[in-house]
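# Commentary on secondary and tertiary structure
Residues per chain, in single letters:
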Amino acid sequence: MAVERTLSIIKPDATRRNLTGQVNAKLEGAGLRIVAQRRIRLTREQAESFYDVHRERPFYGDLVAFMTSGPVVVQVLEGENAVMANRDVMGATNPADAAEGTIRKAFAESIEANSVHGSDSAENAAMEIAYFFSGCDIVG
């Protein structure tokens, strides 16, 4: 198995409810190390650019509005097969379909306000990490 890095975002619904520590505990409990972390408020331009892949989808405007509605915590996670490990601990996008013990099952309010974002591939993880962090920000 390969040690890799992935991006995680704790979304506004979770930061609003002070769940950052509980989310981090689940990530670390899944064997992931948090090697960079920052609380930020996304601008509209940042959110539009980050989610540009979804620009033509009907939910794009609502997604941008939601992601700019409050602070988020962007973080780089590191571990064995980090992309899949993070996706497993996040759970299904729809919290009604998420497995017990996952972040979304425990904390999501809805399919839109589902508490966390995670990269879906190693290639996307590299691009997403570079969007928020420079190499000197990541301390392994």
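Moving on, we get to the side chain of S119. Mapped onto the fold, S119 is located in the loop between β4 (116-118) and α7 (122-132). If we ignore the near neighbours within four places in the chain, the residues touching S119 are T6, L7, V83, R87, N124, A125 and E128.

Right, let's get into the packing of aromatic side chains. For the coordinates displayed, the defined rule picks out 4 aromatic pairs. Centroid distance F50 to Y51: 4.9 Å. Interplanar angle 85°. Geometry classified as edge-to-face. The exposure classification of F50 matches that of Y51, with both residues buried. Between Y131 and F132, the aromatic rings sit 5.0 Å apart at their centres with planes inclined by 75°, giving edge-to-face as the arrangement. Owing to a relative accessible area of 33%, Y131 belongs among the partly exposed residues under this scheme.

This structure, assessed with the given rule, holds 8 salt bridges. Between E109 and R16 there is a salt bridge, and its shortest N-O distance comes to 2.8 Å. Taken together, the positions of E109 in the loop between α6 (103-107) and β4 and R16 in helix α1 (residues 12-16) put the pair 93 residues apart, joining distant regions of the chain. On the accessibility criterion, E109 (41% relative accessible area) is partly exposed. For E48, the salt bridge identified is with R44, shortest N-O distance 3.0 Å.

Looking now at the environment of T93. In this fold, T93 is placed in the loop between α5 (82-90) and α6. T93 gets classed as partly exposed once you look at its relative accessible area, which sits at 44%. Placed 22 residues apart in sequence, T93 and S115 show a C-alpha to C-alpha distance of 9.7 Å. Setting aside residues up to four positions removed in sequence, T93 forms contacts with R104, I111 and N114.

Along the chain, Y131 falls in helix α7. When the C-alpha positions of Y131 and F50 are compared, they lie 7.7 Å apart, and in sequence the two are 81 residues distant. Excluding its chain neighbours within four sequence positions, the residues that come into contact with Y131 are E45, Q46, S49 and F50. One polar contact links Y131 to S49, side chain to side chain, over a distance of 3.4 Å.

Turning to the pairing of strand β3 (residues 72-80), a few remarks are in order. With 8 of 9 residues buried, β3 is to be regarded as a mostly interior element. Note that strand β1 (residues 3-10) and β3 share 8 bridges and pair antiparallel. Bridge pairing links S8 to Q75 in β3. As paired elements, strand β2 (residues 33-40) and β3 share 7 bridges and run antiparallel to each other. Counterpart to A36 in the pairing with β3 is V76.

Reading the values: the criteria
Residues numbered from 1 in each chain as written. Predicted model: local features only at pLDDT ≥ 70, side-chain atom pairs only at ≥ 80, totals over all residues. Heavy atoms only, no water. Helix = DSSP H or I, 4+ residues; strand = E, 2+ residues; numbered from the N terminus. Contact = heavy atoms within 4.5 Å. Phe/Tyr/Trp six-rings, centres within 6.5 Å; stacked < 30°, edge-to-face > 60°. Buried < 20%, exposed > 50% of the residue type's maximum accessible area, 1.4 Å probe, protein only. Salt bridge = Lys/Arg side-chain N within 4 Å of Asp/Glu carboxyl O. Polar contact = N/O pair within 3.5 Å; in protein donor to acceptor, adjacent residues only side chain to side chain. Pairing = 2+ DSSP bridges.

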